[in-house]
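Observations on chain architecture
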Amino acid sequence: MATRHFLSLLDLTPAELRQLIDRAIELKAMQQRHEVHEPLKNRVLAMIFEKSSTRTRVSFEAGMTQLGGSALFLSPRDTQLGRGEPIEDSARVLSKMVDGVMIRTFEHSKVETFAAHSDIPVINALTDFNHPCQLLADMQAYHEVRGSIQGKTVTWIGDGNNMCHSYINAARQWDFELRIACPDGYEPDADLVAKNSDRVSMVRNPKEAVAGAHLVATDVWASMGQEEEAADRMKVFAPYQVSRQLLDLASPEVLFMHCLPAHRGEEVSHDVLDDSRSVVWEEAGNRLHAQKALLEFLLA
Ligand code: CP
Ligand code: NVA
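Description of the structure in this document. (Residues numbered from 1 in each chain as written. Chains lettered and ligands numbered in written order. Predicted model: local features only at pLDDT ≥ 70, side-chain atom pairs only at ≥ 80, totals over all residues. Heavy atoms only, no water.)

Contact geometry for helix 3 (residues 87-95) and helix 4 (residues 108-116): axes closest at 8 Å, N-to-C directions at 45 degrees. When the axes of helix 3 and helix 4 are compared, the pair comes out oblique. Crossing angle aside, the handedness with which helix 3 passes helix 4 is right-handed. On the side of helix 3, the interface is formed by Ile87, Glu88, Ser90, Ala91 and Leu94, while helix 4 contributes Lys110, Thr113 and Phe114. (Axes fitted to C-alpha atoms, helices over the stretch in contact; angles between N-to-C directions. Helix = DSSP H or I, 4+ residues; strand = E, 2+ residues; numbered from the N terminus. Parallel < 35°, antiparallel > 145°, perpendicular 65-115°, else oblique. Left-handed = near helix turned anticlockwise from the far one by under 90°. Contact = heavy atoms within 4.5 Å.)

Rendered as structure tokens:
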């Protein structure tokens, strides 16, 4: 059987994704009961990080340990990848030594190249193009608090970035309507929007975009690698801050999510992360459980 990878939400079927979320909820309950569950005994996950991380690194590493295996942190600073060893060669070599590879990098083509030369599952832990692991946690959080997201309205506010792209794929896989409000010139990938135009729409005005929404999500205005654009972006994105007042225009049932790290006073007002409608801490915690379900699915 061909090796399965997780480079995008589209690599799993909607049914597989639903199963994964159900499993994540079960694994979370097992964890809370301190039940030992070690289906990945002696398995090793290599984690290649070319960008910083708190949640992703800790959740994958803790997740592998809890499942009975272990994880290796590999930084480009001290591996040959950082000195120009081809990705193809690194993929072939790691395939001989470990059971799975998780990669956080810049160009999406790097994870695709790695996967194309890998005999073991490759997990995309964020590229400039998308962040599918985060969406597993987000969808788990929505399900836990409100039930099925099918047919609901979700609003993405801010940058048309990697997270926004994963929300577009999620809209297709979980069958919800997605409204995207971003400033002129910061739209998501036009092809991706066009391919999903049956459920994805661009609504320039944030107030109109959140009207009646069941879920509002945002992210930083300058992503990793865009540090030099940060000052310019602060000005352009100022009207796109998510505040309590903005959430008041959404459905009374609205939930607020942010993949974190957040910049209070920029994309979020100082108080919104701690608003009763915000589920950002559950969302972050779910990275552990959703990825354990993913690791079990791909490696067990
Ligand atoms: N949300 C997320 O991926 O966080 P980290 O950058 O801390 O991994
Ligand atoms: N869009 C952000 C997400 C961080 C988890 C970034 O790429 O930096």
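Read on, since the account is not over.
So, on to the site of ligand 2. All residues in the neighbourhood of ligand 2 are listed as Leu126, Asn161, Asn162, Asp219, Val220, Ser223, Met224, Cys259 and Leu260. A distance of 2.6 Å is found between a nitrogen atom of ligand 2 and a side-chain nitrogen or oxygen belonging to Asp219. Here an oxygen atom of ligand 2 sits 2.8 Å away from a polar atom, N or O, in the main chain of Met224. In the shell around ligand 2, the residues fall into five nonpolar, three polar and one charged. (Near = heavy atom within 4 Å. Polar contact = N/O pair within 3.5 Å; in protein donor to acceptor, adjacent residues only side chain to side chain. Nonpolar A, V, L, I, M, F, W, Y, C, P; charged D, E, K, R; others polar.)

Taken in spatial order, the five strands of this open sheet run 7-6-5-8-9, and their pairing is parallel. Whereas interior strands pair on both sides, the edge strands pair on one side only; in this sheet they are strand 7 (200-202) and strand 9 (255-258). Here the average twist between neighbouring strands, direction ignored, is 20 degrees. Summarising the sheet, strand 5 (residues 153-157) and strand 8 (residues 215-218) pair through four bridges and their orientation is parallel. Within strand 8, the residue paired with Thr155 across the bridge is Val216. Contacts from helix 5 (residues 132-146) reach strand 8 and strand 9, with the element oriented near 160 degrees to strand 9. (Pairing = 2+ DSSP bridges.)

Let us look at the packing of helix 1 (residues 14-32) against helix 5. Between two packed helices, the angle of one axis relative to the other and the distance separating the axes together describe the packing. Taken N-terminus to C-terminus, the directions of helix 1 and helix 5 make an angle of 70 degrees; their axes are 10 Å apart at the nearest point. Here helix 5 runs roughly perpendicular to helix 1, going by the angle between their axes. For the pair formed by helix 1 and helix 5, the contact residues are Leu17, Leu20, Ile21, Ala24, Ile25 and Lys28 on the first element and Leu136, Met139, Gln140, His143 and Glu144 on the second.

Of all hydrophobic cores here, the largest spans 55 residues; its most connected members are Tyr167, Trp174, Phe176 and Leu178. The greatest single-element share of this core, amounting to seven residues, is contributed by helix 6 (residues 162-174). Ignoring any residue separated from it by four or fewer positions in sequence, one finds Phe176 in contact with Met139, Ile149, Gly151, Lys152, Val154, Tyr167, Ala170, Ala171 and Arg199. With 18 residues, the next largest nonpolar core counts Ala213, Val242, Val254 and Phe256 among its residues. (Core = buried A, V, L, I, M, F, W, Y, C linked by side-chain atoms within 4.5 Å. Buried < 20%, exposed > 50% of the residue type's maximum accessible area, 1.4 Å probe, protein only.)

Our focus in this paragraph is the site of ligand 1. Residues in contact with ligand 1, as listed here, are Ser53, Thr54, Arg55, Thr56, Arg104, His131, Gln134, Cys259, Leu260 and Arg287. Between ligand 1 and the protein, one listed contact pairs an oxygen atom with a side-chain N or O atom of Arg104 at 2.8 Å. Gln134 places a polar side-chain atom, nitrogen or oxygen, 3.0 Å from a nitrogen atom of ligand 1. Here ligand 1 loses 95% of its free accessible area of 260 Å² to cover by the protein chains. A class-by-class count of the residues in the shell around ligand 1 yields two nonpolar, five polar and three charged. (Areas by Shrake-Rupley, 256 points an atom, 1.4 Å probe, with all protein chains shown as cover.)

As a further point, take helix 3. Within helix 3 the residues assigned to the buried category are Ile87, Ser90, Ala91, Leu94 and Ser95. End-on view of helix 3: buried residues confined to an arc of 130 degrees, all on one side of the axis. Buried residues along helix 3 sit in contact with strand 1 (44-49), strand 2 (70-74), strand 3 (100-104) and helix 4. (Arc of directions from axis to C-beta.)

In this section: the pattern of salt bridges. Using the criterion set out here, one finds 24 salt bridges in the structure. For Glu61, the salt bridge identified is with Arg57, shortest N-O distance 3.5 Å. Of this pair, Glu61 and Arg57 both sit in helix 2 (residues 55-66), separated by four residues, roughly a single helical turn. What makes Glu61 partly exposed here is its relative accessible area of 28%. On the accessibility criterion, Arg57 (32% relative accessible area) is partly exposed. Note that Asp89 is salt-bridged to Arg92, the shortest N-O span being 3.3 Å. One end of the pair is Asp89 and the other is Arg92, both in helix 3 and three residues apart, which spans about a single turn. Owing to a relative accessible area of 44%, Arg92 belongs among the partly exposed residues under this scheme. By sharing partners, the salt bridges in this structure join Arg244, Asp248, Asp271, Asp275 and Arg277 into a single network. (Salt bridge = Lys/Arg side-chain N within 4 Å of Asp/Glu carboxyl O.)

Below, the discussion takes up the sheet that holds strand 4 (residues 122-124). Spatially, four strands are ordered 2-1-3-4 in an open sheet, and the strand pairing comes out parallel. If you trace the sheet from one side to the other, it starts and ends with strand 2 and strand 4, each paired once. Across the sheet, the axes of successive neighbouring strands diverge by a mean angle of 20 degrees, strand direction being ignored. Pairing of strand 3 with strand 4, which is carried by three bridges, proceeds in the parallel orientation. Within strand 4, the residue paired with Met102 across the bridge is Ile123.

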